[in-house]
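# Secondary and tertiary structure notes
What follows is each chain in one-letter form.
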Amino acid sequence: MNIYGIKRVDLEDYFIKQGEKKFKALQVYEWLYQHRVNSFFSMTNIKKEWQEQLSHDFSMVRIKIKKKQEDKLSKKYLFLLADSNYVEAVLMEHDYGLSICVSSEVGCNMGCAFCESGRLKKVRNLEAYEMVEQILLVEEDIKERISSVVIMGIGEPFDNYENVMDFIKIINDAKGIAIGARHITISTCGIVPKIQELAKEELQVNLAISLHAPTNELRNRLMPVNKAYSLDLLMGTIKEYIQITNRRVTIEYVMLNGVNDSDECAHTLARLIKGMNVYVNLIPYNETNHMEFKRSSKEQVMHFYDILKKHGLSVTIRKEFGRNIDAACGQLRSKEVKV
Ligand code: SAH
């Protein structure tokens, strides 16, 4: 097991089972996440025998930064994993702090028609430690702490539910990287049973739903997941989620020219979500070489925004980051992995 994929409770169990105090787990966590040491032998308040035992039982192997591209407000990282796979993360500088968009899988099986990550298909899940290390490596690189995390990079987090939950619990731990749950966002294409499961977790994390289309007909074309979990089922599940968690949900809507950006789409979308505790985030599309989709014009995005506003909805337009550094989902990996 890699130590960066171990929750503190599990590390406590590990020590307790061997007749030690659970307090040792806290000490190890402090070395890992406060002092950021990269060897068990640097944990100077842990006895030599335990340093040896830990290094025997756990690995500390790190993923590696293979490439970095940056512009003024964002940095894109391509990571090389131990098995030679690649994933990406993007660091963004907001006026409220730094946020990072992390990957949850190597590739993705959801097959959204407009998405580069899906074009390359899923190779495997990411382990919790591989998600934790994306944050550790970027923080080490920039020598600053990151304040919020969005799980919106390559992959579908709800197709790797257990590892993503472990990841969240590790980074949310007050003695870990200590990122507040309200500063963590999971974005899903709409895997209904996992939305229901998340509702029961009693975590204060944010949920974002990649909706992208207000009718089954259009959504089926753009997002194959809609054939498994239809729009009606999805919307009903989001309503239940809001009822159980009392938390506002984000509706993501990527603006595709001539596809889902008509006035009619805006009105239909407004009717679909009216009265729900949600807000809509309109996403400018990042064009990629492999897809025929084009971004909606600025004017059309504004017009769409105005229609939703007139219906009384809360709407924002996503600020663009990294358009010049291939920061759209999966673009950097896609250049590295030739298919
Ligand atoms: N699988 C999850 C999270 C990863 S995708 C999900 O579907 O939500 C993160 C977001 O980026 C999704 O809303 C996705 O639809 C969107 N996206 C994918 N390709 C994009 C592109 N080229 N430009 C803008 N947004 C894109």
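Now for a look at the structure at hand. Everything numeric in this text was worked out from a predicted model, so none of it was measured. Per chain, residues are indexed from 1 in the order of the written sequence. The model is predicted, so local features are restricted to residues of pLDDT at least 70 and side-chain atom pairs to those at 80 or more, both for listing and for counting; the totals for chains, interfaces and linings are taken over all residues. To get the side-chain values, take all heavy atoms of the structure and skip hydrogens and water.

Looking now at the site of the ligand. Lining the immediate environment of the ligand, one finds 18 residues, of which Glu 156, Ser 187, Ser 210, His 212 and Asn 286 sit closest. In protein, a polar contact requires one atom able to donate a hydrogen and another able to accept it; more generally it is a pair of N or O atoms within 3.5 Å, and residues adjacent in sequence count only if both atoms are side-chain atoms. Glu 156 is positioned such that a nitrogen or oxygen atom in its side chain is 3.0 Å from a nitrogen atom of the ligand. Here the Shrake-Rupley method, with its probe set to 1.4 Å, supplies the accessible areas, and only the displayed protein chains count as covering residues. Compared with its free state, where it exposes 540 Å², the ligand has 95% of that area covered by protein. Helix numbering and strand numbering both begin at the N terminus, where a helix is a DSSP run of H or I of at least 4 residues and a strand a DSSP run of E of at least 2. Of all elements in the fold, only strand E8 (184-188) and strand E10 (249-255) reach the threshold of two or more residues within the shell around the ligand. Here a residue is near a molecule or strand as soon as one of its heavy atoms is found within 4 Å of it.

Our focus in this paragraph is the packing of aromatic side chains. Aromatic pairs are defined between Phe, Tyr and Trp rings, using the six-membered ring for Trp, whenever the two ring centres lie within 6.5 Å; interplanar angles under 30 degrees are classed as stacked, those over 60 as edge-to-face, and all others as tilted. Enumeration according to the criterion identifies 12 aromatic pairs in this entry. Both rings, one in Phe 114 and one in Tyr 285, keep their centres 6.5 Å apart while their planes meet at 85°; by these two values the pair is edge-to-face. Of this pair, Phe 114 sits in the loop between strand E5 (105-106) and helix H4 (116-119) while Tyr 285 sits in the loop between strand E11 (278-284) and helix H12 (298-310); the two residues are 171 residues apart in sequence, bridging distant segments of the chain. Tyr 285 shares its class with Phe 114; the two are buried. With 6.5 Å between their ring centres and 85° between their planes, Phe 114 and Phe 293 make a pair best called edge-to-face. Of this pair, Phe 114 sits in the loop between E5 and H4 while Phe 293 sits in the loop between E11 and H12, and the two are 179 residues apart along the sequence. For Arg 8, the ring lying beneath its charged end belongs to Tyr 29, and the centroid distance is 6.0 Å. The positively charged end of Lys 194 is found above the aromatic ring belonging to Tyr 161, 5.2 Å away from the centroid. Three exposure classes are used, based on accessible area relative to the maximum for each residue type with a 1.4 Å probe and protein chains only: buried under 20%, partly exposed in between, and exposed over 50%. In this scheme, the term charge over a ring applies when either NZ of a lysine or CZ of an arginine sits within 6 Å of the ring centre and within 35 degrees of the ring normal.

Every buried residue of helix H1 (residues 8-17) is accounted for by Leu 11, Glu 12, Tyr 14 and Phe 15. For H1, the angular spread of buried residues about the axis comes to 155°, placing them on one side. Residue Gly 19 follows H1 closely and has a positive phi angle near 75°. By arc we mean the arc of the directions from the helix axis to the C-beta atoms, nothing more.

Don't take any of this as a statement about function, it's just geometry.
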